[in-house]
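Observations on chain architecture
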Amino acid sequence: SQKIEQNSEALNIQEGKTATLTCNYTNYSPAYLQWYRQDPGRGPVFLLLIRENEKEKRKERLKVTFDTTLKQSLFHITASQPADSATYLCALDRQDTGRRALTFGSGTRLQVQP
Amino acid sequence: NAGVTQTPKFQVLKTGQSMTLQCAQDMNHEYMSWYRQDPGMGLRLIHYSVGAGITDQGEVPNGYNVSRSTTEDFPLRLLSAAPSQTSVYFCASHQGRNEQYFGPGTRLTVT
């Protein structure tokens, strides 16, 4: 079956370290991949978009990689801060369904300790 | 710009009742979607629209209806509420294959 997997266990890191979150997908056609941040009780907020023909995208302290061979995206936050604590969602905009809507992973909760 | 707005923020229904969740956007976006979010399951697509007058089903459409008479509004109707529809509902809009903008959500409890 088709699936997007994110580590369901919370990721706890110390302030100043690099956080790396993983998004794996199976049986999907390569497409755009997006990362969102969600704080408790709020809607997701867009962070980065990477296309299937791009290997890496950066924005300030954020970096996303997209490997369509491995069917995996990595999301990095460098010099992490307690304010980065949130749940991070990956989502695929899938070409195969013809839908202009996203398929989401279940998210990984990041906790940055001061 | 207000972005994407949703009403109400909270709602409690009894089994069998019907209601409409409102969603509006002021960005002139072509696409709008409804998702539900349950613990441990991420966001799941209920219905979406690619423009006024055009809607289609997502992954979990049963028990929900939508219509899109204007670009701005995309209401979600629960026909006969069931406890399985207890969830947080998010509306989103976007243009093309760009970032999606989400509303603040509606927390629905069905007893």
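Next up on the list: the overall build of chain A. Looking only at helices and strands, chain A has 0 helices and 11 strands in total. For chain A, the α and β elements follow one another from N to C terminus as β-β-β-β-β-β-β-β-β-β-β. The C-alpha radius of gyration computed for chain A amounts to 14 Å, which stays within 12% of the reference 13 Å derived for 114 residues, consistent with globular compactness. Buried residues in chain A amount to 45% of all 114 residues. Counted over contacts in chain A with a minimum sequence separation of 6, partners at least 24 positions apart contribute 55%. A total of about 5,600 Å² of accessible surface is found on chain A, and carbon and sulfur atoms cover 43% of it. Here chain A carries 16 positive and 12 negative side-chain charges, and the mean point of each set is 2 Å from the other.

Across soluble globular proteins, nonpolar side chains show a tendency to be buried alongside one another. The biggest cluster of nonpolar side chains holds 23 residues, and the ones touching the most others in it are A:Ile4, A:Leu33, A:Trp35, A:Phe75, A:Ile77, A:Tyr88 and A:Leu110. Sorting the residues of this core by element identifies strand S3 (19–26), strand S4 (32–38), strand S5 (45–50), strand S7 (62–67), strand S8 (72–77), strand S9 (86–93) and strand S11 (108–113) of chain A as the ones contributing at least two each. Apart from the residues lying within four places of it in its own chain, the contact partners of A:Leu110 are A:Leu11, A:Ile13, A:Ala19, A:Ile77, A:Asp84, A:Ser85, A:Ala86 and A:Tyr88. Grouped together as the second largest cluster of nonpolar side chains are 18 residues, B:Trp34, B:Phe74, B:Leu78 and B:Leu108 included.

Residue and element names in this part refer to chain B. Residue Pro-8 follows Thr-7 across a cis peptide bond; omega there is -5°. Examined against the element boundaries, Pro-8 turns out to sit in the loop between strand S1 (4–7) and strand S2 (10–13). Phi is positive for Asn-28, close to 60°, though the residue is something other than glycine. The topology assignment puts Asn-28 in the loop between strand S3 (19–25) and strand S4 (31–38).

This brings us to the interface of chain B and chain A. A common way to report how large an interface is uses the accessible area buried once the components associate. Counting residues at the interface gives 23 residues for chain B, matched by 22 residues for chain A. Summed over both partners, the interface of chain B with chain A buries about 1,800 Å², with 53% contributed by carbon and sulfur atoms. Counting the surface chain B buries against chain A, the share from its top three residues, B:Leu43, B:Arg97 and B:Phe102, is 36%. One can count 0 salt bridges joining chain B with chain A. Connecting chain B to chain A are 3 residue pairs in polar contact (both at pLDDT 80 or more). Among the elements of the structure, S4, strand S5 (42–51) and strand S9 (87–94) of chain B are those that each provide at least two residues to the side of chain B that touches chain A. Tallied by class, residues from the side of chain B that touches chain A come to 9 nonpolar, 11 polar and 3 charged.

Strand pairing in a sheet relies on backbone hydrogen bonds, with the paired strands running either antiparallel or parallel. Residue and element names in this part refer to chain B. Strand order in the open sheet made by the 4 strands is S1-S3-S8-S7, with antiparallel pairing throughout. The two strands at the open ends of the sheet, each matched to only one other strand, are S1 and strand S7 (64–66). Neighbour-to-neighbour, the strand axes of the sheet open up by a mean angle of 20°, direction not taken into account. Relative to strand S8 (residues 76–78), S7 runs antiparallel, the two sharing 3 bridges.

Now for the side chain of A:Gln6. All names here are of chain A. Mapped onto the secondary structure, Gln-6 falls in strand S1 (residues 3–6). A relative accessible area of 8% places Gln-6 in the buried class. A polar contact is formed between the side chain of Gln-6 and the backbone oxygen of Tyr-88, at a distance of 3.0 Å. Excluding its chain neighbours within four sequence positions, the residues that come into contact with Gln-6 are Thr-22, Cys-23, Trp-35, Tyr-88, Leu-89, Cys-90, Gly-105, Ser-106, Gly-107 and Thr-108.

Attention now moves to the state of the cysteines. Residue and element names in this part refer to chain A. In this structure the tally under the stated criterion is 2 disulfides over all chains. Between Cys-23 and Cys-90 runs a disulfide, and the two sulfur atoms are separated by 2.0 Å. The chirality of the disulfide connecting Cys-23 with Cys-90 is right-handed, given an S-S dihedral of about 65°. Of this pair, Cys-23 sits in strand S3 while Cys-90 is found in strand S9, placing the two residues 67 residues apart along the sequence. Each member of the pair, Cys-23 as well as Cys-90, is classed as buried.

All names here are of chain A. The sheet built from 5 strands is open, its strands ordered S1-S3-S8-S7-S6 with antiparallel pairing. Pairing within the sheet leaves two strands with one partner each, and these edge strands are S1 and strand S6 (56–59). Across the sheet, the axes of successive neighbouring strands diverge by a mean angle of 15°, strand direction being ignored. Bridge analysis of S1 against S3 gives 4 bridges, and the strand direction is antiparallel. By the bridge assignment, Gln-6 is partnered in S3 with Cys-23.

Basis of the calculations
- Residues numbered from 1 in each chain as written.
- Chains lettered and ligands numbered in written order.
- Predicted model: local features only at pLDDT ≥ 70, side-chain atom pairs only at ≥ 80, totals over all residues.
- Heavy atoms only, no water.
- Helix = DSSP H or I, 4+ residues; strand = E, 2+ residues; numbered from the N terminus.
- Rg over C-alpha atoms; globule rule 2.2 N^0.38 Å.
- Buried < 20%, exposed > 50% of the residue type's maximum accessible area, 1.4 Å probe, protein only.
- Contact = heavy atoms within 4.5 Å.
- Areas by Shrake-Rupley, 256 points an atom, 1.4 Å probe, with all protein chains shown as cover.
- Lys, Arg positive; Asp, Glu negative; His and termini not counted.
- Charge placed at Lys NZ, Arg CZ, Asp CG, Glu CD.
- Core = buried A, V, L, I, M, F, W, Y, C linked by side-chain atoms within 4.5 Å.
- Buried area = accessible area lost by both parts, 1.4 Å probe.
- Salt bridge = Lys/Arg side-chain N within 4 Å of Asp/Glu carboxyl O.
- Polar contact = N/O pair within 3.5 Å; in protein donor to acceptor, adjacent residues only side chain to side chain.
- Nonpolar A, V, L, I, M, F, W, Y, C, P; charged D, E, K, R; others polar.
- Pairing = 2+ DSSP bridges.
- Axes fitted to C-alpha atoms, helices over the stretch in contact; angles between N-to-C directions.
- Disulfide = S-S within 2.5 Å.

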